[in-house]
Amino acid sequence: MKKLLCVFLFTVFAVMPLLAETKLTFDALARARYEYMLNVFDAGLSGKDEKSYFRFKFLAGISADFDGWASACARIGTESRSYVYNGEGNGINGNGRIGNAQYNINEFFIDNLYVKIPYILDVVELKAGRMDLPISEYGEGFLIADGTPLDGSRTWYFNAVKAKFLLGENKKSSVELIGIYNPRVDDVLPVANENTPPTALNDSNESAFIVYGRTGDKDSLYFEPYYMYKHEDASQAGRLENDVNTFGSYVKYKINDEITLRAQGAMQINNCDSEINTAFGGYVFADMPFAGIINPFSIGYAYLSGNDPNTSGTQGWNPLFSRYPWMSEAVCYLFKYESGLAYWTNIQLYKADLNLSISKELKIFLSGALLYANESDFGVADMFGEGKNRGTLGIAKVSYAFSKNVNTFALCEYFKPGDFYFSGAKDSIFVRLELAAKL
């Protein structure tokens, strides 16, 4: 399957320019980040939970339009990190900080490589290869976002084949059939200067089949119903082989010009080690824009069921392909000792967001949240307490666009742990500064 996909893609790229007039376009991204983390991995338990480093990411791609009847895209990328210090001392006041202060070119990977055939007979669009599945197109990223979660934002791609069918007389409804294969490490396409061992992209090999629908009027009542089947191999970290069936829908209802409701609800049937259990997840948010500068003010609630540690099997929510910091950068790492990095589960979130549009170029985002657990007593005495209060979260982000191609932002998150964690848990801080330019 993997070899056939590679042969198909490379054949298309080689043959299509000979069969049709070709229009080429180029794109590129250069991104520099500075990040500082304090107590985000273990809430200060080790006394070494502090990191300060730079990240440098570069992407370069070429897209080809074959006279309108087909198109293709190829993009390569690399990201490297240079550490000021890397948590090897005794915390922020320690003296033994050890880190890599050298700039090292890292792996060069194929970020995108796909072929797309647009709307055959104005009904079906085909796409195959390595591609991103944008958050904006799949239920705000609740279940589909990042196909390679363990390398952070270095890559987001999926190895996928999908067919999109337009439905109805006006073609405003659609259904997509998507097949996905995401390996633990990239064994699908070549990686240059590969790390030893190779960079981990997932906990295990994963495959999925998705039926994703869209219908309704985005200016009034709109739905995205779906069914997702995902198979996860047993992981090296001890997670068991699992089959997850997920049924749900995203809903958006525009009440009037001032209020929009966004909601999503889903049920999962897990078959883990021949033990079948159900899990539930969802959220509801209200967006309320106010005269110009506040656009919008949002308030809402999210629920993801937790796994009862005193029962067999798993009742905990499986985030499928949504292991990215959609709730918080500062909080997602704390799941390392619970379910895995950014493995969102066992949580209730009460959240309010304020989006300020100071000018066309300057935006300010402020957010506050209360977080709770549905289950407690995980038996890891060093990390967890006996309560269900996860803690309090505050987020501030200032963004500025110098032009449509150059932008920057500063992000700061502060998380104060509650009694869900051990009694001496320290406050977490996450800071990111970014400058990005694209072609």
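1. So, the overall build of the protein chain
For the protein chain, the helix and strand inventory stands at two helices and 18 strands. Residues counted as buried form 47% of the 439 residues belonging to the protein chain. Within the protein chain, residue pairs in contact and separated by at least 24 positions form 60% of the contacts whose partners lie at least 6 positions apart. By element, 59% of the accessible surface of the protein chain is carried by carbon and sulfur atoms, the whole surface being about 20,600 Å².

2. Points about the pattern of salt bridges
Here the idea is simple: oppositely charged side chains can pair when their charged atoms come close. According to the stated counting rule, one finds 22 salt bridges in the structure shown. With its nearest N and O atoms 2.9 Å apart, the salt bridge here joins D186 to R130. On the criterion of sequence distance, the pair formed by D186 in the loop between β7 (173–182) and β8 (206–216) and R130 in strand β5 (residues 124–131) is long-range, its members being 56 residues apart. The exposure class of D186 is buried, given its relative accessible area of 11%. R262 is the salt-bridge partner of D287, the closest N and O atoms lying 2.6 Å from each other. Of this pair, D287 sits in strand β12 (residues 275–290) while R262 sits in strand β11 (residues 260–272), and the two are 25 residues apart along the sequence. Under the relative-accessibility criterion, D287 is labelled buried at 11%. Connected via shared salt-bridge partners are R31, R33, E35, R55, E79, E329, R432 and E434.

3. Considering the side chain of K127
Note that K127 resides in strand β5. One buried charge, K127, has no salt-bridge partner; the nearest side chain with opposite charge is E125, at 6.7 Å.

4. Things to note about the nonpolar core
Within the largest apolar cluster, 61 residues are counted, with the highest numbers of intra-cluster contacts made by I144, I180, M228, W344, L371, F415 and Y421. With residues near it in sequence (within four places) discarded, W344 still touches L304, W317, P319, S322, Y324, P325, W326, M327, S328, V331, C332 and F335.

5. A closer look at the confidence of the model for the protein chain
The predicted model of the protein chain has a mean per-residue pLDDT of 88, with 89% of residues at 70 or higher. Element-level pLDDT for the protein chain is lowest in helix α1 (residues 2–19), with a mean of 58, against a maximum mean of 98 in strand β17 (residues 406–417). Low pLDDT, under 50, characterises residues 89–98; the predicted model gives this stretch 19 contacts beyond four residues in sequence or across chains.

6. Points about the packing of aromatic side chains
Under the defined criterion, the tally for this structure stands at 22 aromatic pairs. Centroid distance F384 to Y421: 6.1 Å. Interplanar angle 25°. Geometry classified as stacked. Pair noted here: F384 is in the loop between β15 (362–372) and β16 (389–401) and Y421 is in the loop between β17 and β18 (428–438), with a separation of 37 residues, a long-range link. Of the two residues examined, F384 and Y421, each falls in the buried class. Taken together, a centroid distance of 5.1 Å and an interplanar angle of 90° make the contact between F420 and Y421 edge-to-face. According to the relative accessible area criterion, F420 is buried, its value standing at 0%.

7. Quick word on a nonpolar patch on the surface
Residues L221, F223, Y253, I255 and L261 make up a contiguous nonpolar surface patch of roughly 390 Å² in combined accessible area. By the secondary structure assignment, L261 is in strand β11. We classify L261 as partly exposed; its relative accessible area is 31%.

8. A look at the pairing of strand β6 (residues 158–167)
Burial analysis of β6 places seven of its 10 residues in the buried class, which makes it a mostly covered element. Relative to β6, β5 runs antiparallel, the two being bridged by eight bridges. Bridge pairing links R130 to N159 in β6. The hairpin formed by β6 and β7 contains five residues between the paired strands, and G168 there has a positive phi angle of roughly 85°.

9. Thoughts on the pairing of β16
Taken residue by residue, a regular strand's side chains alternate between the two faces of the sheet. Alignment of β15 against β16, held across 11 bridges, turns out to be antiparallel. Within β16, the position partnered with Y372 by the bridge is N389. The hairpin turn running from β16 into β17, its antiparallel successor, is four residues long.

10. Some points on the environment of K230
Tracing the backbone through its elements, the reader meets K230 in strand β9 (residues 221–232). When the C-alpha positions of K230 and N245 are compared, they lie 6.6 Å apart, and in sequence the two are 15 residues distant. With near-sequence residues (within four places) excluded, K230 lies in contact with E206, S207, A208, N242, D243, V244, L320 and F321. A polar atom in the side chain of K230 sits 3.3 Å from the side chain of E206. At 3.1 Å, the side chain of K230 forms a polar contact with the side chain of E232.

11. Considering unusual backbone geometry
Trans is the prevailing form of peptide bonds, just as negative phi is the prevailing case for residues other than glycine. Residue P197 is bonded to the preceding T196 through a cis peptide linkage, with omega at -5°. Relative to the helices and strands, P197 is located in the loop between β7 and β8. Here A342, not a glycine, exhibits a phi torsion of approximately 55°, which is positive. Relative to the assigned elements, A342 resides in the loop between α2 (329–332) and β14 (347–357).

12. A look at the environment of R33
Inspection of the secondary structure puts R33 in strand β1 (residues 22–38). Relative accessible area serves as the criterion here: at 9%, R33 is assigned to the buried category. For the pair R33 and L435, spaced 402 residues apart in the sequence, the C-alpha separation amounts to 6.6 Å. Excluding residues within four positions of it along the chain, R33 makes contact with Y53, F54, R55, S153, R432, L433 and E434. Among the polar contacts listed, one links the side chain of R33 to the side chain of S153, at a separation of 3.0 Å.

Rules used throughout
Residues numbered from 1 in each chain as written. Predicted model: local features only at pLDDT ≥ 70, side-chain atom pairs only at ≥ 80, totals over all residues. Heavy atoms only, no water. Helix = DSSP H or I, 4+ residues; strand = E, 2+ residues; numbered from the N terminus. Buried < 20%, exposed > 50% of the residue type's maximum accessible area, 1.4 Å probe, protein only. Contact = heavy atoms within 4.5 Å. Areas by Shrake-Rupley, 256 points an atom, 1.4 Å probe, with all protein chains shown as cover. Salt bridge = Lys/Arg side-chain N within 4 Å of Asp/Glu carboxyl O. Lys, Arg positive; Asp, Glu negative; His and termini not counted. Core = buried A, V, L, I, M, F, W, Y, C linked by side-chain atoms within 4.5 Å. pLDDT = per-residue confidence, 0-100. Phe/Tyr/Trp six-rings, centres within 6.5 Å; stacked < 30°, edge-to-face > 60°. Patch = residues over 30% accessible without salt bridge, like charges linked within 9 Å, V, L, I, M, F, W, Y side chains within 5 Å. Pairing = 2+ DSSP bridges. Polar contact = N/O pair within 3.5 Å; in protein donor to acceptor, adjacent residues only side chain to side chain.

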